[in-house]
Amino acid sequence: MADTPNIRFKGFDGGWEQRKIEEICTYHSSSLTIKDIDEDGVYNLYDANSLIGKTNKGSMIEDYITIIKDGAGVGRTRLLPKNTMFLGTMGALTPKNSNLDFLFQLITKANLGKAYTGSTIPHIYFKDYGKNKYYIPCYDEQCILGVYFSNLDHLITLYQCKCDEIKQLKKFMLQKMFPKSGELIPEIRFAGFTGGWEQRKLSDLAAMHARIGWQNLRTSEFLDNGDYMLITGTDFEDGTISYATCHYVTKERYEQDKHIQIRNGSILITKDGTLGKVAYVQGLTMPATLNAGVFNVEVKNENEVDEKYLFQYLKAPFLMDYVSKKATGGTIKHLNQNILVDFQISIPSKTEQVKIGEYFQRIDLLITLHQHKCDNLKEVKRFMLQNMFPQKG
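Residues numbered from 1 in each chain as written. Predicted model: local features only at pLDDT ≥ 70, side-chain atom pairs only at ≥ 80, totals over all residues. Heavy atoms only, no water.

### Brief notes about the overall build of the protein
Thought 1: For the protein, the count of helices and strands is ten helices and 21 strands.
Thought 2: Relative to the 2.2 N^0.38 estimate, which gives 21 Å for 393 residues, the radius of gyration of the protein is 27 Å and therefore markedly larger than a compact globule would have.
Thought 3: The C-alpha extent of the protein, read off along each of the three principal axes, is 70 × 55 × 45 Å.
Thought 4: Burial statistics for the protein: of 393 residues in total, 45% are counted as buried. (Helix = DSSP H or I, 4+ residues; strand = E, 2+ residues; numbered from the N terminus. Rg over C-alpha atoms; globule rule 2.2 N^0.38 Å. Buried < 20%, exposed > 50% of the residue type's maximum accessible area, 1.4 Å probe, protein only.)

### Digging into the sheet that holds strand 19 (residues 288-290)
Note on sheets: strands pair through backbone hydrogen bonds, and any given pair is parallel or antiparallel.
Thought 1: One open sheet accounts for four strands, arranged 15-12-19-16; its pairing is mixed. Two strands close off the open sheet at either side, each with one partner strand: strand 15 (247-249) and strand 16 (261-262). (Pairing = 2+ DSSP bridges.)

### Focus on unusual backbone geometry
Thought 1: Within the chain, Asn111 stands out as a residue other than glycine whose phi angle is a positive 50 degrees.
Thought 2: Note that Asn111 resides in the loop between helix 2 (100-110) and helix 3 (126-129).

### Things to note about the nonpolar core
One broad rule of soluble globular proteins: the nonpolar side chains tend to lie buried together.
Thought 1: Leu202, Leu310, Leu314 and Phe360 are the most contacted members of the largest nonpolar core, which totals 41 residues.
Thought 2: Of all hydrophobic cores here, the second largest spans 32 residues; its members include Val74, Leu112, Tyr135 and Leu385. (Core = buried A, V, L, I, M, F, W, Y, C linked by side-chain atoms within 4.5 Å.)

### Observations regarding the pattern of salt bridges
Close approach of charged atoms allows side chains with opposite charge to pair.
Thought 1: One pass over the full model with this rule turns up 18 salt bridges.
Thought 2: In this structure, Glu221 and Arg218 form a salt bridge, with 4.0 Å as the shortest nitrogen-oxygen distance.
Thought 3: The partner of Arg382 in a salt bridge is Glu379, with the nearest N and O atoms 2.5 Å apart. Of this pair, Arg382 and Glu379 are both found in helix 10 (residues 350-388), three residues apart, which corresponds to roughly one turn of the helix.
Thought 4: If you follow the salt bridges from partner to partner, you end up with Lys176, Lys180 and Glu187 in one network. (Salt bridge = Lys/Arg side-chain N within 4 Å of Asp/Glu carboxyl O.)

### Topic: the packing of helix 2 against helix 4 (residues 139-177)
Thought 1: Where helix 2 meets helix 4, the axes come as close as 7 Å, and the angle between the chain directions of the two elements is 70 degrees. Here helix 4 runs roughly perpendicular to helix 2, going by the angle between their axes. The handedness of the crossing between helix 2 and helix 4 comes out as left-handed. For the pair helix 2 and helix 4, contact is made by Asp101, Phe102, Phe104 and Gln105 and by Gln142, Leu145, Gly146, Phe149, Ser150 and Asp153, respectively.
Thought 2: Among the residues forming the contact of helix 2 with helix 4, the class breakdown is four nonpolar, four polar and two charged. (Axes fitted to C-alpha atoms, helices over the stretch in contact; angles between N-to-C directions. Parallel < 35°, antiparallel > 145°, perpendicular 65-115°, else oblique. Left-handed = near helix turned anticlockwise from the far one by under 90°. Contact = heavy atoms within 4.5 Å. Nonpolar A, V, L, I, M, F, W, Y, C, P; charged D, E, K, R; others polar.)

### Quick look at the packing of helix 4 against helix 10
Thought 1: Relative to each other, helix 4 and helix 10 sit at 160 degrees, their axes nearing to 9 Å. By the angle between their directions, the pair helix 4 and helix 10 is classed as roughly antiparallel. Like other packed secondary-structure pairs, helix 4 and helix 10 cross with a definite hand, here left-handed.

### Thoughts on the packing of aromatic side chains
Aromatic ring pairs are reported here in terms of the distance separating the ring centres and the angle at which the planes meet.
Thought 1: Taken as a whole and assessed by the stated rule, the structure comprises 23 aromatic pairs.
Thought 2: Between the aromatic rings of Tyr64 and Phe86, the centroid separation amounts to 5.6 Å while the plane-to-plane angle is 45 degrees, which identifies the pairing as tilted. Of this pair, Tyr64 sits in strand 5 (residues 64-68) while Phe86 is found in strand 7 (residues 84-86), placing the two residues 22 residues apart along the sequence. Across the pair, Phe86 and Tyr64 agree in class, each one buried.
Thought 3: Taken together, Phe178, Phe190, Trp197, Tyr309, Tyr313, Phe318, Tyr322, Phe343, Tyr359 and Phe360 form an aromatic cluster joined through their ring pairs.
Thought 4: Against the face of Phe295 rests Lys271, its NZ or CZ located 5.6 Å from the ring centre.
Thought 5: One Lys or Arg, Lys355, reaches over the ring of Phe190 and ends 5.1 Å from the middle of that ring. (Phe/Tyr/Trp six-rings, centres within 6.5 Å; stacked < 30°, edge-to-face > 60°. Lys NZ or Arg CZ within 6 Å of the ring centre and 35° of its normal.)

### Thoughts on helix 2
Every α-helix winds through 3.6 residues per turn, so residues three or four apart in the chain are directed the same way.
Thought 1: Within helix 2, eight of the eleven residues are buried, which leaves it mostly tucked inside the rest of the structure.
Thought 2: Three or more residues of helix 2 are buried, namely Leu100, Phe102, Leu103, Phe104, Gln105, Leu106, Ile107 and Ala110.
Thought 3: Capping the start of helix 2, Asn99 holds a side-chain oxygen 3.1 Å from the backbone nitrogen of Asp101, two or three residues further along.
Thought 4: Where helix 2 ends, the next residue or the one after it, Asn111, has phi of about 50 degrees, a positive value. (Polar contact = N/O pair within 3.5 Å; in protein donor to acceptor, adjacent residues only side chain to side chain.)

### Concerning the side chain of Glu221
Thought 1: Residue placement: Glu221 occurs in the loop between strand 11 (206-209) and strand 12 (228-231).
Thought 2: In terms of polar contacts, Glu221 uses its side chain to reach the side chain of Arg253, at 2.8 Å.
Thought 3: Apart from residues no more than four positions distant in its own chain, Glu221 is found in contact with Asn216, Tyr248, Val249 and Arg253.

### Examining the environment of Ile34
Thought 1: Along the chain, Ile34 turns up in the loop between strand 2 (25-28) and strand 3 (43-46).
Thought 2: Residue Ile34 is classed as exposed on the basis of its relative accessible area of 59%.
Thought 3: Note: C-alpha distance between Ile34 and Leu45 (eleven residues apart in sequence) is 8.9 Å.
Thought 4: Among all residues touching Ile34, those that are not within four sequence positions of it are Ile52 and Leu87.

Structural data, given as structure tokens:
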């Protein structure tokens, strides 16, 4: 039945009732702008993304839902606490005889921004979307659904915050565990290591190979399955390769150039499109090659250079800072090999390299684990929203 969800908490049955938004909530507007920010204000003032200051003007008494009604992000929603205010680019909803958390999930799921008006600057108006009808259960069922999805949102936020915190930690440690420009010793170092680091050109430490122009693959040669994987720059994902998005090629194409045959431990750098993205190949279970637009960086002497260390150094901001400085007189659309060869690498002893490489690899693993958990929870929420609300209405 259209008026009942596919999945339901035990103890509830019967159809949901169709109600207009204007029947179950009250709309509030605001005329506040950033000019109304007052350091001595008593109410927190929010824009669409965050707390921006204090104000003495107006006050919302209850917890409420804001909806962006003008401009970028139109239709996006968020929950705000009582005794706060919001800018005039947003409207607000408070429930009449409905549960706030349930109402928030209902409005968010409705994606009001998809029906905005205005040819240039998008707008949505309560006088219009307030008449939209949605299926609503009894108040007790609303409360249980509201708590369930609020808990999911809380878990998603926790994992995303943890992921962001670890990313910030890595950013900080990259700045401290590698020497600053013009220096030979880092600020933070593992115990037992002393002495200055060397400065070496990338071309001294590694060889760089890419698919030669006449070998470039046409899209008609991309296969949906096969025994030889093709890696392109679009398959890079946060320093790894997303094998699920990779295409395949024939054996002949794979064997065409041994220098771009990829293995676990290979370091890859994009040289076209989004420049300077770096990936470290792990978990590869079949032969693989590169399409145009990606360098294969091969360490020349494994007794001198640790692959994981080199990957982390190349993935750090140093490479892109270097490339940006070379981009005088315009935007570089290609990362040429003659630019890369002179890139300076700060390098300690092999033993210290291994320690540093393993340390940052562990941080990357933690980031990946928390991001995957967050993404999995988002997928759970998406599925449950589809199945715990009626599909029509």
